[in-house]
Amino acid sequence: MNFLQSLKMAVTSIYSNKGRSFLTMLGVIIGVAAVIAATGFALGSTSSITDSIESLGANKLSVNILDRNSNRDIDYEDFKAFTDENADLISMMAPTVNGTSTVKYQTTISEAVNVIGTSPDYAEINDMHVQDGRYILELDMEYRQKIAVIGTAVANEFFGRTDPIGETIKLDGTPFTIVGVLEQKDGGQDGGEDDVIIIPVTTAQRVYKSATIRTFTVLVSESENVAKTQALIEDFLFETYLSEDAYRVFNSAQILDTLEDITGTMALILGGIAVISLLVGGIGIMNIMLVSVTERTREIGIRKAIGARKSSILSQFMIEALVITGLGGLIGIVIGVGAIFLVISNFVPPVIDPMWMVLSFGFSLLIGLLFGIFPAYKAANLNPIEALRYE
Amino acid sequence: MTGLVDINNMKKTYVMGSNMVRALDGVDLNIKHGEYISIVGPSGSGKSTLMNMIGCLDAPDSGSYMLDGVDVSDMNDKELAEIRSEKIGFVFQGFNLLPRLTALENVELPLIYRGYSHKKRREMALEALDRVGLGDRVHHKPTELSGGQMQRVAVARALAGNPPVLLADEPTGNLDTNTGKEILAMLEKIHDQGNTIILITHDKELAGQAKRRIEIRDGRIIHDEEVRK
Ligand SMILES: Nc1ncnc2c1ncn2[C@@H]1O[C@H](COP(=O)(O)OP(=O)(O)O)[C@@H](O)[C@H]1O
Ligand SMILES: [Mg+2]
């Protein structure tokens, strides 16, 4: 008797016991659906974080100054001197000071406009280039020039069709000369990436009275030097602050690693839950199959009398168990995927990992194999005469 | 006619608690191809036990058994299953059809275990159902058939693979007298077409159809005679 025949027999017998077969499957269905939905949630939430971190770029180091009480600050010039010294490793560096200002041009006033104080390299690091005029120059930094580069949203709001270059706007009352307009980035709406004014960081420190620059972004020329450069920066910062708690240097790979660790742990926990729930489902399957073997004792006797071998009976019951768990696994996957798209997608982007599907389906089959073998073995070894006498 | 069944000094004892039941107590039996034999005896005399031995469903405690030229005394489970599949057709008192399968599927079942292709199986099963006069009921489930029809399906199932021996253990026991006679007439016809039939019954009258009658009591053969009509 071949596999196809056994499969047909198994399906027939499962189908003629629909209700019970479904109940038998339920444990597997719930287990698999839970795994798919939970991993979908985990992957969805990490993917959105990963995306934002990856947009930073792999060669970027982000330096945060945490120390607030120190009078030993690191200024743009200090950091610039350091990066110039290490020009073989570091290709670019930009500080950032973030602020908001009330902006005034003639009679137009706009409140809470996003102002970034930074350096010439900021354009390259953040891919924000000018479409008109020029960007901040090193000279502007040195002389704390009151010049500004504006985003398209600001340009539209204050100048409409007229050319803003050369005009003077007031940021919190201080006049700045516009020297450039940025290329449009995200549609030019209010509050978006284009609603921004960029000024030299040295000027910003003075205007906003924020003496300390809290953030530096460093671009490392070769990705294999990221770790080395990071260590170098940390040494440099330690010399100034004499405390490791005063600063943090991140690279995006590091953050991704941490995130991967978390995802891995999450997967492990989910996997554990899945294993337990599927084991419980498996015990249910074994239980019901044992009942089924007892109920079908006579059938088994008849089959043996008319020529079924042990192996035929064994494979018939094994395949029945595998079809039940396999079908349960498939239904569970469908329900899990449904849950990801219908429910979980409201919270995080829907992510479906085929690996988890294959894994949970495979595990369902393994459960069928594991818990089907004992009842099937019992069925195959029934004595045909006693089985035929069974009422 | 050549030897089909050759049993020598076969013994089988069942132990039920402290009771020992000698179901077969030294049976010698020779059956040739093409015979129609009845085995009669009171209930509990060992008829079914003998049939199970002939049908290779059970192994004796001692004695030898050659079936169709093959020594089956020392065969293992797997070999016995193959022998049953190839050489034996069983008809039981209680029909023993699988209730969820149609008549056709029931008849096909032994052919599946023999490994015939789907097409060949269909062909053989339909032919067997035709032989028992059920060509028009092939898609009925057992519950949709009368007792006589169910037993015909069972006979068709036993015949389908053309085994050399047809073993019928009280095939009329669950049927009314007339239907029982119909089944016996059918067996007679099948015998006339060349099949070897071993009919077990406790009813001496029913046994009258057979050409040779064997009487068994307390696990021993006490009569073995040709019946002249
Ligand atoms: N599997 C068994 N276990 C115990 N005793 C059995 C078994 N099969 C048959 N017997 C006993 O063996 C004797 C012969 O039984 P059986 O061959 O079924 O008789 P018959 O078919 O002639 O009525 C009876 O006493 C019966 O109780
Ligand atoms: Mg009996």
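Note: the structure precedes this text.
As a starting point, this report considers the structure included with it. Keep in mind that this is a model prediction, so the values were computed, not measured.

What follows concerns the overall build of chain B. On a plain count of helices and strands, chain B comes out with 6 helices and 10 strands. For chain B, the exposed surface amounts to about 10200 Å²; the carbon and sulfur share of it is 46%.

Moving on, we get to the sheet that holds strand β5 (residues 70-71) of chain B. Spatial ordering of the open sheet is given by β2-β1-β4-β5 (chain B), a layout of 4 strands whose pairing is antiparallel. The open sheet terminates on both sides in strands that have one partner only, identified here as β2 (19-32) and β5 of chain B.

A few words now on unusual backbone geometry. Phi is positive for B:Asn162, close to 50°, though the residue is something other than glycine. Here B:Asn162 is to be found in the loop between α5 (147-160) and β7 (165-169).

It is common to report an interface's size as the accessible area lost on association of the parts. Taken together, the 24 residues of chain A in the interface contact 22 residues of chain B. Summed over both sides, the interface between chain A and chain B buries roughly 2100 Å², with carbon and sulfur atoms accounting for 61% of that surface. Among the residues chain A hides against chain B, the three largest losses belong to A:Ile306, A:Arg309 and A:Ile385. Together they make up 29% of the total. The partner of B:Asp77 in a salt bridge is A:Lys310, and the shortest N-O contact between them spans 3.2 Å. At the junction of chain A with chain B, the criterion picks out 7 residue pairs in polar contact (both at pLDDT 80 or more).

Residues A:Glu77, A:Asp78, A:Glu138 and A:Glu142 make up a contiguous surface patch of negative charge. Tracing the backbone shows A:Glu138 in helix α5 (residues 138-142).

Moving on, we get to the site of ligand 1. A:Arg389, B:Gly44, B:Lys47, B:Ser48 and B:Thr49 are the nearest of the 13 residues found near ligand 1. Mapping the residues near ligand 1 onto chains gives chains A and B. One of the side-chain nitrogen or oxygen atoms of A:Arg389 is found 3.0 Å away from a nitrogen atom of ligand 1. B:Thr49 places a side-chain nitrogen or oxygen 2.5 Å from an oxygen atom of ligand 1. When the free accessible area of ligand 1 is taken as 560 Å², the share hidden by the protein chains comes to 78%. When contributions to the shell around ligand 1 are tallied by element, the ones reaching two or more residues are β1 (3-16), β2 and α1 (47-54) of chain B. Looking at the shell around ligand 1, the element that brings in the most residues is α1(B), giving 3 residues.

There is a patch of nonpolar side chains on the surface, built from A:Phe41, A:Phe341, A:Leu342, A:Val343 and A:Phe347 and spanning about 570 Å² of accessible area. For A:Phe341, the location among the structural elements is in helix α11 (residues 310-342).

What follows covers the packing of helix α9 (residues 252-295) of chain A against helix α12 (residues 354-380) of chain A. Residues and elements named next belong to chain A. Interhelical geometry of α9 versus α12 gives an angle of 30° and a closest axis separation of 9 Å. Comparing their axes, α12 and α9 come out roughly parallel. Helix-helix and strand crossings are classified by hand; for α9 and α12 the assignment is right-handed. Across the interface between the two elements, Ala267, Val275, Leu278, Leu279, Gly282, Ile283, Met286, Met289, Leu290, Val293 and Thr294 of α9 pack against Trp356, Phe363, Ile367, Phe371, Gly372, Phe374, Pro375, Lys378 and Ala379 of α12. Considering only residue class, the contact of α9 with α12 consists of 16 nonpolar, 3 polar and 1 charged.

Procedures and definitions
- Within each chain, residue numbers correspond to sequence positions counted from 1 in written order.
- Written order decides the labels, with chains lettered from A and ligands numbered from 1.
- In keeping with the predicted nature of the model, local features appear solely for residues at pLDDT of at least 70, side-chain atom pairs appear and are counted solely at 80 or more, and the whole-chain, interface and lining totals rest on all residues.
- The basis for every side-chain value is the complete set of non-hydrogen atoms in the structure, without hydrogens or water.
- Here a helix means four or more residues in a row that DSSP labels H or I, a strand means two or more in a row labelled E, and each is numbered from the N terminus.
- Exposure was quantified through the Shrake-Rupley algorithm and a 1.4 Å probe, taking into account, for residues, occlusion by the shown protein chains and nothing else.
- Between any two strands, pairing holds if DSSP finds at least two bridges.
- Working rule for contacts: check all heavy atoms of both residues, and any pair within 4.5 Å makes them a contact.
- Note on definitions: buried area is the accessible-area loss of two parts on being combined, 1.4 Å probe, summed for both.
- One side-chain nitrogen of Lys or Arg within 4 Å of one carboxyl oxygen of Asp or Glu is enough to make a salt bridge.
- We define a polar contact as two N or O atoms separated by no more than 3.5 Å, with the added condition that, inside protein, one atom must be a possible hydrogen donor and the other a possible acceptor, whereas residues neighbouring each other in sequence contribute only through side-chain atom pairs.
- Patch membership is restricted to residues that have no salt bridge and whose relative accessible area is over 30%. Joining uses 9 Å for like charges and 5 Å for the nonpolar side chains Val, Leu, Ile, Met, Phe, Trp and Tyr.
- Counting rule for charge: Lys and Arg are taken as positive, Asp and Glu as negative, and neither His nor the chain ends is counted.
- Charge coordinates come from a single atom per side chain, which is NZ of Lys, CZ of Arg, CG of Asp or CD of Glu.
- To be near a molecule or strand, a residue needs just one of its heavy atoms within 4 Å of it.
- With axes taken as lines fitted to C-alpha atoms, and helix axes fitted only over the stretch in contact, angles between N-to-C directions fall between 0 and 180 degrees.
- Any angle that falls under 35 degrees is termed roughly parallel, while one over 145 is termed roughly antiparallel, one within 65 to 115 roughly perpendicular, and all others oblique.
- Each helix crossing is assigned a hand: it is left-handed if the near helix lies turned anticlockwise from the far helix by less than a right angle, otherwise right-handed if that turn is clockwise.
- Residue polarity is assigned by list, with Asp, Glu, Lys and Arg as charged and Ala, Val, Leu, Ile, Met, Phe, Trp, Tyr, Cys and Pro as nonpolar; anything else, Gly included, falls into the polar class.

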